[in-house]
Amino acid sequence: MAEGRKFEYPETMMDDEIARLGVLVSEVDRPVQPPLPRYATGIMPLGLTEEEALRRALQDSATPPSCQQLINNLQVQDWSSQPRPKATCSPAGQNRLAASWIYRRAVAAWSPAIMARARVVKESSTSTPGQPADRRRPLHFAAFLLLADAALVALIIAFVPYTKIDWDAYMSQVDAFRQGERDYTKIEGDTGPLVYPAGFLYVYSAIKFLTAGQVFPAQILFGVLYIVNLSLVLLLYVKSEVLPWWALGLLCLSKRVHSIFVLRLFNDCVAMTLLHAAMVLIVYHKWYLGLIIFSGAVSVKMNVLLFAPSLFLLMLKAMSIKGVFVALLGAAGVQVLLGIPFLLSHPVEYISRAFNLGRVFIHFWSVNFKFVPEKLFVSKELAVTLLIFHLSALMVFAHYKWFKHEGGLLRFVHSRFKEATSIEQLISCKPVMSNLSKEHIVTVMFVGNFIGIVCARSLHYQFYSWYFYSLPFLLWRTQFPTVVRIILFVGVERCWNVYPSTTYSSLLLLFLHVFILFGLWSSPAEYPYVDKKDKTNSKKLGKAM
């Protein structure tokens with residue numbers, strides 16, 4: 001640091017401020033070490049809110065009047081290019097002018113940070129009544145929803161009659177497994193042969209052990225499972241901060257989903273709870289453990305594979321190629337480990353039954369394509385058409401939405417090869433930017449699954465649990481007005497509560513699905529990476545409003 005003479009500070013500056021700043025001025029009054037604004041140096045008294053600290057910093061007596069207008073106009077003059085004021089006054093006056101000029105230079109240098117915090121102040125001051133700035137309110141409301149829904153689940157179990165559908169078939173299949181049968185073609189129930197992977201048998205064997213095969217204790221167990229699943233979903237919503245706090249209540253308003261969990265006892269409930277647990281781990285960047293839990297969900301029911309394409313693309317953005325390979329190897333290892341008793345004795349029978357991707361469902365139970373004639377419904381032409389649309393939609397969303405900030409999917413892949421100087425670096429190094437935001441992770445996974453739902457040839461009533469918990473999130477990722485979002489939510493719920501489904505209800509459901517997908521396509525892509533703290537805090541607070 002060049003040596004110079006000290007100058008006198010303005011009379012309004014406190015002693016601790018002067019000690020902290022310690023500014024030296026050269027012989028020609030050129031600043032050697034510009035002081036930082038009080039807000040940046042942390043001199044402010046303890047106990048002040050962020051907004052009050054900012055206001056005090058901008059109201060400093062050494063601050064030019066135009067800086068005071070920053071709160072209202074969110075603009076700072078370009079003082080860095082202004083010359084030092086020429087002084088024609090006493091030495092004390094020259095020192096004060098020099099201090100003022102240095103302060104202006106410092107404000108110009110720190111204006112980006114001040115601007116970000118000023119936006120937070122303005123957003124907080126302009127929030128409308130009834131939209132709280134307290135970011136803890138979603139947590140409080142989520143806790144209230146859990147307690148209220150727990151009470152509702154208890155009332156449903158106590159007063160609403162159980163509906164017999166698949167429970168007896170599950171117990172028959174578990175009995176055959178526990179008696180030593182390992183040929184999947186011979187494990188059957190009163191609703192047909194076993195068509196789920198081995199994880200299903202282990203889970204329902206444990207449930208039978210705990211409940212002795214009785215329905216009422218199983219309902220209590222599934223009631224607890226419902227609350228655990230809701231807790232995981234609420235955690236995803238609160239952390240991603242896409243919905244306003246009051247919209248979290250939509251997650252508790254489905255008559256059909258309550259029925260699926262505590263009145264039907266379907267394995268879809270277990271699979272989706274494990275899937276949501278895997279998503280929680282993934283949003284906290286626990287990729288390897290998340291992939292293991294994800295594989296466990298697939299072993300209970302294969303519908304979870306609808307999330308697989310999105311998850312794979314996220315892994316490419318967040319992990320090295322070596323990391324992706326290790327994570328996939330771990331997920332495959334889970335499937336092999338769970339299927340060992342069947343793979344060692346009857347591997348063909350197990351793989352063909354447990355992972356049968358060509359199953360044709362009964363037309364009567366279809367909720368989304370009931371308007372299609374049965375002959376067309378079971379045809380391969382419809383299946384191939386929907387598969388092509390499914391894959392095309394995934395590619396289009398990936399290229400133009402999920403990888404938009406990377407220049408598209410193909411450019412992202414090309415950059416991975418271009419930036420690597422050796423094979424070892426290509427395999428072992430992560431992308432330059434790899435810290436994905438929670439909002440981006442949840443968005444990509446929920447949208448990818450929803451694309452699969454739109455393209456599914458048949459959706460049975462229990463399949464509503466595959467995407468219901470993502471529906472409010474998807475609606476708020478669109479740019480539709482809030483009233484339209486609520487209407488779409490109610491419309492989808494209404495279609496799923498029409499029994500049996502009709503031509504009109506299934507046609508309406510398909511229209512609503514396509515309309516929501518169009519809204520997702522036309523909405524702007526979210527920034528995928530964790531940004532600087534100031535920008536992130538401002539963004540999050542704005543969404544909480």
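All residue numbers refer to positions counted from 1 along the written sequence of the respective chain. Selection of residues for local features in this predicted model requires a pLDDT of at least 70, selection of side-chain atom pairs for listing and counting requires 80 or more, and totals for whole chains, interfaces and linings are taken over all residues. Heavy atoms from the whole structure form the basis of all side-chain values; hydrogens and water molecules are not counted.

So, the pattern of salt bridges
Cut-off, in case you're wondering: Should a side-chain nitrogen of Lys or Arg be within 4 Å of a carboxyl oxygen of Asp or Glu, the pair is scored as a salt bridge. For helices the rule is a DSSP run of H or I covering at least 4 residues; for strands it is a run of E covering at least 2, with both sets numbered from the N terminus onward. When accessible area is computed with a 1.4 Å probe and restricted to protein chains, residues below 20% of their type maximum are described as buried, those above 50% as exposed, and intermediate ones as partly exposed.
Applying the stated criterion across every chain yields a total of six salt bridges. We note a salt bridge from R477 to E439, for which the minimum N-O separation is 3.8 Å. Here R477, found in helix 22 (residues 471–477), pairs with E439, found in helix 21 (residues 438–454); they are 38 residues apart in sequence, far enough to count as distant. Assigned by exposure class, R477 and E439 land together as buried. Through salt bridges that share partners, E439, R477 and E526 make up one connected network.

Notes on the confidence of the model for the protein chain
Parts of the prediction with low pLDDT should not have their coordinates interpreted in detail. The condition is simple: pLDDT is defined as a per-residue confidence score from the predictor, taking values between 0 and 100. By the convention used here, residues are in contact when the closest approach between their heavy atoms is within 4.5 Å.
Of all residues in the protein chain, 73% have pLDDT values of 70 or greater, and the mean over the chain is 81. Every residue in residues 23–44 is under pLDDT 50, and counting partners more than four places away or in other chains gives 66 contacts. Per-residue pLDDT stays below 50 along residues 106–133; that stretch engages in 52 contacts with residues further than four places along the chain or on separate chains.

Things to note about the packing of aromatic side chains
Rule in force here: Here a Phe, Tyr or Trp ring, Trp counted by its six-membered ring, pairs with any other such ring whose centre lies within 6.5 Å, and the pair is stacked when the planes are under 30 degrees apart, edge-to-face when over 60, and tilted otherwise. To sit over a ring, a charge needs its Lys NZ or Arg CZ within 6 Å of the ring centre and within 35 degrees of the ring normal.
Going through the model one piece at a time under the given rule, you end up with 40 aromatic pairs. Ring geometry for F200 versus Y204: centroids 4.9 Å apart, planes at 40°, classification tilted. With F200 and Y204 both in helix 9 (residues 198–211) and four residues apart, the pair spans about one turn of that helix. Residue F200 is classed as buried on the basis of its relative accessible area, which comes to 0%. For the ring pair W246 and W476, a centre distance of 5.7 Å and an interplane angle of 75° mean the geometry is edge-to-face. Linking W246 in the loop between helix 10 (215–240) and helix 11 (255–264) with W476 in helix 22, this pair joins segments that are 230 residues apart in sequence. Among the residues examined, W246 registers a relative accessible area of 39% and is labelled partly exposed. Between the NZ or CZ atom of R137 and the centre of the ring of W245, over which it lies, the distance is 5.6 Å.

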